[in-house]
Amino acid sequence: MALRPNRPQNRSEQLAAARAAQGDVFAREVDDALRQDEAFHALRKWGIPVGAAVVLALAGLGGWLWYSNHQDTVRGRQGEQLTQALDYADAGNPKAEQALLDTLAKDGTPGNRAAAQLLQAGLAQEAGKADQAAKTFAAVAADSSAPQAYRDAATVREVALNFDKLPPQQVIDRLKPLAVPGNAWFGSAGELVGLAYLKQGHADLAGPLFAAIAKDKDVPDTIKRRARQVAGSLGVDAVDDVAAVVGQAQ
């Protein structure tokens, strides 16, 4: 016997099924229409502000990327100019060197400007213009935009130039933060602080400081030798390795 597909048994059942299907379709269409209408109203209400915010964000990102790339390019070019100035110095062409340094000291980025000013101060010091050199060192030391390493170097150089003019306590106040083991300027700054202590009559403070400088492996040998001699004259033992000291003396 042949099988027949399942169907509603009568006309009323067929109409009921058709109406149910039509109802489902109509409900979906109404739901879609409501969603589209809500989206349209949300777009009208928030579309412009959101779009503007997106555009501004993209513009800001683009501007930052351009500025960052521009700064990298400028720093690179000015770094080459700084190297060229040093090459002019090695070649004995001070006029060309000074011209490049003047440009960088005026228009350079903070790091390149500070480096150029330090070189300018060094040239002035070599030329016997101590006051001009000290003034330039002071300007770098006071420049909050300059790298800290350059500011520290400028502070030590300025105080060294003006040591005889400055009150001992001012020397101590300015250099004591640098006159600590582990600091790159421990040797130079510590030596000046120790001498300022001696000017104040505080050999009890100067002796241990000179001994610490003499024993620090990171301090240049010339400063360590001076510090060892001063510490010894003050009755403070500054020798850790006698054989090494004898070898240096020989």
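Everything numeric in this text was worked out from a predicted model, so none of it was measured.

1. A word on the overall build of the chain
Then, in step 1: Looking only at helices and strands, the chain has 10 helices and zero strands in total.
Then, in step 2: In the chain, the order of α-helices and β-strands from amino to carboxyl end is α-α-α-α-α-α-α-α-α-α.
Then, in step 3: Burial statistics for the chain: of 250 residues in total, 29% are counted as buried.
Then, in step 4: The contacts of the chain with a sequence gap of at least 6 include a subset with a gap of at least 24, amounting to 44%.

2. With respect to the environment of Asp-216
Then, in step 1: For Asp-216, the position within the fold is in the loop between helix H8 (203-215) and helix H9 (221-233).
Then, in step 2: A residue is classified by how much of its surface remains accessible, and Asp-216, at 13% relative accessible area, is buried.
Then, in step 3: Separated by 34 residues in sequence, Asp-216 and Gly-182 have C-alpha atoms that sit 8.8 Å apart.
Then, in step 4: Setting aside its immediate chain neighbours within four residues, Asp-216 contacts Pro-181, Gly-182, Phe-186 and Lys-224.

3. Considering the nonpolar core
Taken as a class, soluble globular proteins show a tendency for nonpolar side chains to be buried jointly.
Then, in step 1: Membership of the largest hydrophobic core comes to 26 residues, with the highest contact counts inside it found for Val-171, Leu-175, Leu-192, Val-193 and Ile-213.
Then, in step 2: Secondary-structure elements contributing two or more residues to this core are helix H5 (148-161), helix H6 (168-175), helix H7 (186-200), H8 and H9.
Then, in step 3: Residues contacting Val-171, with those up to four places away along its chain left out, are Val-159, Phe-163, Leu-166, Lys-176, Leu-192, Val-193 and Ala-196.
Then, in step 4: With 10 residues, the next largest nonpolar core counts Ala-121, Ala-124, Ala-133 and Val-140 among its residues.

4. With respect to the pattern of salt bridges
Opposite charge on two side chains makes pairing possible when the charged atoms of those side chains draw close.
Then, in step 1: Applying the stated criterion across every chain yields a total of five salt bridges.
Then, in step 2: Where Asp-143 meets Arg-113, a salt bridge forms, and the shortest distance between an N and an O atom there is 3.0 Å. Within this pair, whereas Asp-143 is found in the loop between helix H4 (130-141) and H5, its partner Arg-113 is found in helix H3 (residues 110-126), the two being separated by 30 residues in sequence. The burial state of Asp-143 is the same as that of Arg-113; both residues are buried.
Then, in step 3: Here Glu-191 ties to Arg-226 by a salt bridge, and the two come within 2.7 Å at their closest N and O atoms. Remark: Arg-226 occurs in helix H9 and Glu-191 occurs in helix H7; sequence separation between them is 35 residues.
Then, in step 4: In this structure Arg-226 comes out as partly exposed when scored by relative accessible area, which is 39%.

5. Description of the side chain of Gln-120
Then, in step 1: If you trace the backbone, Gln-120 turns up in helix H3.
Then, in step 2: For Gln-120, the side chain forms a polar contact with the side chain of Asp-102, separated by 2.6 Å.
Then, in step 3: Discounting residues that sit within four places of it in the chain, Gln-120 has contacts with Gln-98, Leu-101, Asp-102 and Ala-105.

6. Considerations on the packing of H7 against H8
Then, in step 1: At their nearest, the axes of H7 and H8 sit 8 Å apart, and the two run at 160° to each other. As summarised for this structure, H7 and H8 are arranged roughly antiparallel, according to the angle between their axes. In terms of crossing hand, the pair formed by H7 and H8 is left-handed. Here H7 contributes Phe-186, Gly-187, Gly-190, Glu-191, Val-193, Gly-194, Leu-195, Tyr-197 and Leu-198 to the contact with H8, which in turn contributes Ala-203, Leu-205, Ala-206, Leu-209, Phe-210, Ala-212 and Ile-213.
Then, in step 2: Here the residues of the contact of H7 with H8 are counted per class, giving 12 nonpolar, three polar and one charged.

7. Section: H9
Then, in step 1: The terminal C-alpha atoms of H9, which comprises 13 residues, lie 18 Å apart, in line with the 18 Å expected from a rise of 1.5 Å per residue.
Then, in step 2: Of the residues trailing H9, Gly-235 is marked for its positive phi of about 80°.

8. Things to note about the side chain of Asp-152
Then, in step 1: With respect to the helices and strands, the residue Asp-152 is situated in helix H5.
Then, in step 2: With no salt bridge to any partner, buried Asp-152 finds its closest opposite charge in Arg-151, at an N-O distance of 6.6 Å.
Then, in step 3: Setting aside anything within four residues of it in sequence, one finds Asp-152 in contact with Leu-178 and Trp-185.

9. Some points on the environment of Ala-153
Then, in step 1: Within the secondary structure, Ala-153 sits in helix H5.
Then, in step 2: Overall, the relative accessible area of 13% leaves Ala-153 in the buried class.

10. Notes on H5
Then, in step 1: Over its 14 residues, H5 runs 20 Å from end to end, which matches the ideal 20 Å to within 8%, given 1.5 Å per residue.
Then, in step 2: The complete set of buried residues in H5 reads Asp-152, Ala-153, Ala-154, Thr-155, Val-156, Glu-158 and Val-159.
Then, in step 3: Of the surrounding secondary structure, the elements contacted by the buried residues of H5 are H3, H4, H6 and H7.

Parameters and conventions
Residues numbered from 1 in each chain as written. Predicted model: local features only at pLDDT ≥ 70, side-chain atom pairs only at ≥ 80, totals over all residues. Heavy atoms only, no water. Helix = DSSP H or I, 4+ residues; strand = E, 2+ residues; numbered from the N terminus. Buried < 20%, exposed > 50% of the residue type's maximum accessible area, 1.4 Å probe, protein only. Contact = heavy atoms within 4.5 Å. Core = buried A, V, L, I, M, F, W, Y, C linked by side-chain atoms within 4.5 Å. Salt bridge = Lys/Arg side-chain N within 4 Å of Asp/Glu carboxyl O. Polar contact = N/O pair within 3.5 Å; in protein donor to acceptor, adjacent residues only side chain to side chain. Axes fitted to C-alpha atoms, helices over the stretch in contact; angles between N-to-C directions. Parallel < 35°, antiparallel > 145°, perpendicular 65-115°, else oblique. Left-handed = near helix turned anticlockwise from the far one by under 90°. Nonpolar A, V, L, I, M, F, W, Y, C, P; charged D, E, K, R; others polar. Expected span 1.5 Å × (residues − 1). Lys, Arg positive; Asp, Glu negative; His and termini not counted.

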